[in-house]
Amino acid sequence: SVGEQSSKENLTKIRNADAVILTDIPVSAGNMKNLEAFKIAASEGKTAICVGQTPPEKRDFAGGRVVELLSEIYRMKVVRVPDAKGVMKVLQDIK
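In this text, all values refer to a predicted model and were calculated from it rather than measured experimentally. (Residues numbered from 1 in each chain as written. Predicted model: local features only at pLDDT ≥ 70, side-chain atom pairs only at ≥ 80, totals over all residues. Heavy atoms only, no water.)

A. Spotlight on the pattern of salt bridges. Per the counting criterion, the structure on display carries four salt bridges. The partner of Lys-33 in a salt bridge is Glu-4, and the shortest N-O contact between them spans 3.3 Å. Of the two residues, Lys-33 sits in helix H2 (residues 32-43) while Glu-4 sits in helix H1 (residues 4-16), which places them 29 residues apart along the sequence. Residue class for Lys-33 comes out partly exposed when judged on its relative accessible area of 28%. Taking the shortest distance from any N to any O, the salt bridge between Glu-44 and Arg-15 comes out at 2.6 Å. Of the two residues, Glu-44 is situated in the loop between H2 and strand S3 (47-51) and Arg-15 in helix H1; the sequence distance between them amounts to 29 residues. Assessed through its relative accessible area of 43%, Arg-15 is described here as partly exposed. (Salt bridge = Lys/Arg side-chain N within 4 Å of Asp/Glu carboxyl O. Helix = DSSP H or I, 4+ residues; strand = E, 2+ residues; numbered from the N terminus. Buried < 20%, exposed > 50% of the residue type's maximum accessible area, 1.4 Å probe, protein only.)

Quick look at the structure:
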């Protein structure tokens, strides 16, 4: 699981990055802070890329919290791409 100190370090690294990428990994209570950090980065105007096509409900191992958080993220200004090629295109465009 992601502890408080690791979460703070992760958010600092995210804030120093040109972009942040969220893959369609399974999410449980143990790694929920990573999803929350992605949402913070997106809300702060960071180039935020969601990659993958797995429906949120198939990735949610946190009792519906992942579906709810991803729904909020998807309503934000994020770029959704199906695969690594899409990610590379977005990254090339921000340089």
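B. Representation of the nonpolar core in the model. Leu-35, Phe-38, Val-66, Ile-73 and Val-78 are the most contacted members of the largest nonpolar core, which has 19 residues in total. When contributions to this core are tallied by element, the ones reaching two or more residues are H1, strand S1 (19-22), H2, S3 and helix H4 (65-74). The element that contributes the greatest number of residues to this core is H2, accounting for six residues. Setting aside its immediate chain neighbours within four residues, Phe-38 contacts Val-20, Ile-21, Leu-22, Ala-48, Ile-49, Cys-50, Ile-73 and Val-78. Listed in part, the five residues of the second largest apolar core include Ile-49, Val-51, Val-87 and Val-90. (Core = buried A, V, L, I, M, F, W, Y, C linked by side-chain atoms within 4.5 Å. Contact = heavy atoms within 4.5 Å.)

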